[in-house]
Structure formats: structure tokens, C-alpha cells
Amino acid sequence: MKQRKFFLASLAVATVGALFSRTIAPVLADGHVPDKLRFAVTDVVGLEELRRDFEPFRDVLEEATVKEIEFFPVSDRAAAAVALQADQVDIVLAGPAEYVVLRARTNAEPFIGLTRLNYRSVIATRAGSGIESLDDLKGRKMAMSDIGSTSGHLGPSQILADAGIDPRSDLEVLMLGDADLQAFKNGDVDAWGGSALDYERFFAEDSTAEAEFPILVTGESLPNDVFMASDDLDPAFVETLTQQMVDNQDALIGAITSVEANRKYIGSSLIPAEDSDYDPMRVAYRAVGVEEFSEFIGD
């Protein structure tokens, strides 16, 4: 019980300020075409980190758009929302779970989806644990990574919910961050839920992994990462920007993946995005007890 209370309290802290109401800014009749584009990435903290991870991408985007691209660092999704509301940033790259929070607080529009190969969640267990189905997880301990993570928290939680298992009460979920897989391997928990790619990478050199740590369930593909445009931008300009990025996607993806930190985007593509693409994330938030995004389903 103490663990569950701590979990829910942590979730509330992680999403504070983003869950209660959508802040609707006045929509400009035409918007504007900026001389330069201010660009933020929600999970890259600090200007030096942005330069390290996205400088090659910025160079190619400047060539594709014939616009200066200026980095605007944000500390988290809440800071990105504030920057959008204050007209401090024009484009934000966000993960699916982050997008839902940003969309609930701003009028920023999704315009380009950044696909990811094998972007899905899995639930794995330990051989000999007696866990043969999801129903056997009731009363057990499961490790996940970070609160609010698309593949490391919301994805596996939705897998459980789809099977009729409440991830808040039917089992003990331990949010262990980067230590989640090691705790699973060490036997500290009975099961693990997280990214399929994280599982593959962690056990890549362990020839016994498939037998000792079998995957119980593989979830559906998760929504794409997404580029969002400030609602202050002229819609025609955003359409042009969309086409420029799609037309130059080979060079843009090549630039992103030239950096080790962005290897997850190898094999990715750029495709048009719509808000409804992220309804599964809103449903997944509901699975972990966050109901506030439900009103935006189909918005």
C-alpha cells in the first residue's frame, strides 16, 4: 500500500501543472512566418546537450528550409509547454506521452511524426517463476523504468489494463529508472515491463536470455515521436515546412542518427501526424490513474 501511494504521488508530481486544464491561447487569424525557427527537444536538457545531439540535424534542416534554426533548451515537458505558451519556441520534438501533456496545455499542432522501428512495449518474466500468463502477475512485483515514459511505463501499464489487470492495485509496480532491467535480471522482481529495444539491447550478449527471461507479451506499436508547431505559425508555412522535411527526410534522418544518442532513430521516417494518432497514449494515462486527458480523445 505504501508503494502504491508513493507511486501515485510521484505520478502527480511528474505531471503537476499539466493535467488540470488546457490553456487555450488566442488563435491568430493568419499567424506569422518567422525569420528563424526556434527548436526544442523535450528530453534533451541544456544547450550543450542540444548541440551535441542535434547539431547535424540543425545543419540539414537549415539547408532544407533556408531558415536559421536556433536551439531553445527546455528542462522537461512542463518547461516546453510554458515556452510554447510564451511564444519562445516554434518547433518542439516530443515523445508520444510528452505530446499528450503538451497538447493538453497548448494549441501547438503535431505536423510530422518521427517513426521508430520496433517501438513497442513488452512484458517479460523469469523462467521458473510460475508466471505463464498476465493473470499470474497478480500479487507479484514488476519493475518498470520512469514515471510517464511511453514505452517504459504507459505502454506496459496499458498491456496489463487490456488484460483486465489494474497496474495500480493488482500487483506491485516498482519504478526503478535505469536500474529496472538489472533488478529484473538479479531476481529482485518477478517480471519486467518496458521497451522491446531496451530488452534486446540489455540481453544482446546473453545467449540464455530467451530461456531464462522469456517475453510474456508483446504490445502493439506505440505512437510516433512527433514534431509540434506553435499555433502562432502561419498554417501555410507549416504545410511548407512539412513538405520540406518529408522531401529531405533521408538527409534529416541520416543527420539525427549520426549521433550515438539518437541511434534509436535508425530506420526511421518522417510522416504527417495528426492529434488522433496519440489517443492510445491518453487511454494509457487512464490506465495508470490519470483521467484528465480523456476529454481530449478525438479532439
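Here the structure is a predicted model, which is why all the values come from computation and not from measurement.

1. Things to note about the confidence of the model for the protein chain
For step 1, the next point in the chain: The pLDDT averaged across the protein chain works out to 89; a share of 88% of its residues lies at or above 70.
For step 2, the next point in the chain: With pLDDT under 50 throughout, residues 1-29 is counted as low confidence; its partners more than four residues away or in other chains account for 44 contacts.

2. Description of the packing of aromatic side chains
For step 1, the next point in the chain: By the definition in use, this model includes 13 aromatic pairs.
For step 2, the next point in the chain: An angle of 50° between the planes, with centres 6.4 Å apart, marks the rings of Phe111 and Phe227 as tilted. Residue Phe111 is found in strand S4 (residues 109-114), and its partner Phe227 is found in strand S10 (residues 225-229); the two are separated by 116 residues along the sequence.
For step 3, the next point in the chain: Assessed through its relative accessible area of 5%, Phe111 is described here as buried.
For step 4, the next point in the chain: With centroids separated by 4.9 Å and ring planes inclined at 20°, the aromatic side chains of Phe203 and Phe213 adopt a geometry described as stacked. With Phe203 in the loop between helix H7 (196-202) and helix H8 (209-212) and Phe213 in the loop between H8 and strand S9 (215-221), this residue pair connects regions lying 10 residues apart in the sequence.

3. Description of the packing of helix H2 (residues 47-65) against helix H9 (residues 235-247)
For step 1, the next point in the chain: Packing of H2 against H9 leaves a shortest axis separation of 9 Å and a crossing angle of 120°. It follows that H2 is oblique to H9 by the angle criterion. In this structure, the crossing between H2 and H9 has a hand that is right-handed. On the side of H2, the interface is formed by Phe57, Leu61, Ala64 and Thr65, while H9 contributes Leu241, Gln244 and Met245.
For step 2, the next point in the chain: Of the residues in the contact of H2 with H9, the class split is 5 nonpolar, 2 polar and no charged.

4. Considering the sheet that holds S9
For step 1, the next point in the chain: Reading across from one edge, S7-S6-S8-S5-S9 is the order of the 5 strands in this open sheet, with mixed pairing throughout. At either margin of the open sheet sits one strand with a lone partner, and together these are strand S7 (172-175) and S9. Here the average twist between neighbouring strands, direction ignored, is 20°.
For step 2, the next point in the chain: As paired strands, strand S6 (residues 141-144) and S7 are joined by 4 bridges and run parallel to one another.

5. As for helix H5 (residues 150-162)
For step 1, the next point in the chain: Burial analysis of H5 places 11 of its 13 residues in the buried class, the great majority of the element.
For step 2, the next point in the chain: Considered for burial, the residues of H5 that qualify are Thr150, Ser151, Gly152, His153, Leu154, Gly155, Pro156, Ser157, Gln158, Ile159 and Leu160.
For step 3, the next point in the chain: The N-capping residue of H5, defined by a side-chain oxygen 3.0 Å from the backbone nitrogen of Gly152, is Ser149.
For step 4, the next point in the chain: Positive backbone phi, approximately 85°, marks Gly164, located one or two places after H5.

6. Observations regarding the sheet that holds strand S3 (residues 91-94)
For step 1, the next point in the chain: Pairing is mixed across the open sheet formed by 6 strands, whose spatial order is S2-S1-S3-S10-S4-S11. On the outer flanks of this sheet lie strand S2 (68-71) and strand S11 (270-272), each paired with one strand and no other. Strand-to-strand twist in this sheet, taken as the mean axis angle between neighbours without regard to direction, amounts to 30°.
For step 2, the next point in the chain: Relative to S10, S4 runs antiparallel, the two sharing 5 bridges. Each bridged residue has a counterpart across the sheet, and for Leu114 the counterpart in S10 is Asp225.
For step 3, the next point in the chain: Together, strand S1 (36-41), S3, S4, S10 and S11 form the strand contacts of H9, whose direction differs from that of S4 by roughly 0°.

7. Points about the environment of Glu210
For step 1, the next point in the chain: Relative to the assigned elements, Glu210 resides in helix H8.
For step 2, the next point in the chain: By relative accessible area, Glu210 is classed as exposed at 70%.
For step 3, the next point in the chain: Taking the C-alpha atoms as reference points, Glu210 and Arg126, 84 residues apart in sequence, are found 9.8 Å from one another.

Procedures and definitions
Residues numbered from 1 in each chain as written. Predicted model: local features only at pLDDT ≥ 70, side-chain atom pairs only at ≥ 80, totals over all residues. Heavy atoms only, no water. pLDDT = per-residue confidence, 0-100. Contact = heavy atoms within 4.5 Å. Phe/Tyr/Trp six-rings, centres within 6.5 Å; stacked < 30°, edge-to-face > 60°. Helix = DSSP H or I, 4+ residues; strand = E, 2+ residues; numbered from the N terminus. Buried < 20%, exposed > 50% of the residue type's maximum accessible area, 1.4 Å probe, protein only. Axes fitted to C-alpha atoms, helices over the stretch in contact; angles between N-to-C directions. Parallel < 35°, antiparallel > 145°, perpendicular 65-115°, else oblique. Left-handed = near helix turned anticlockwise from the far one by under 90°. Nonpolar A, V, L, I, M, F, W, Y, C, P; charged D, E, K, R; others polar. Pairing = 2+ DSSP bridges. Polar contact = N/O pair within 3.5 Å; in protein donor to acceptor, adjacent residues only side chain to side chain.

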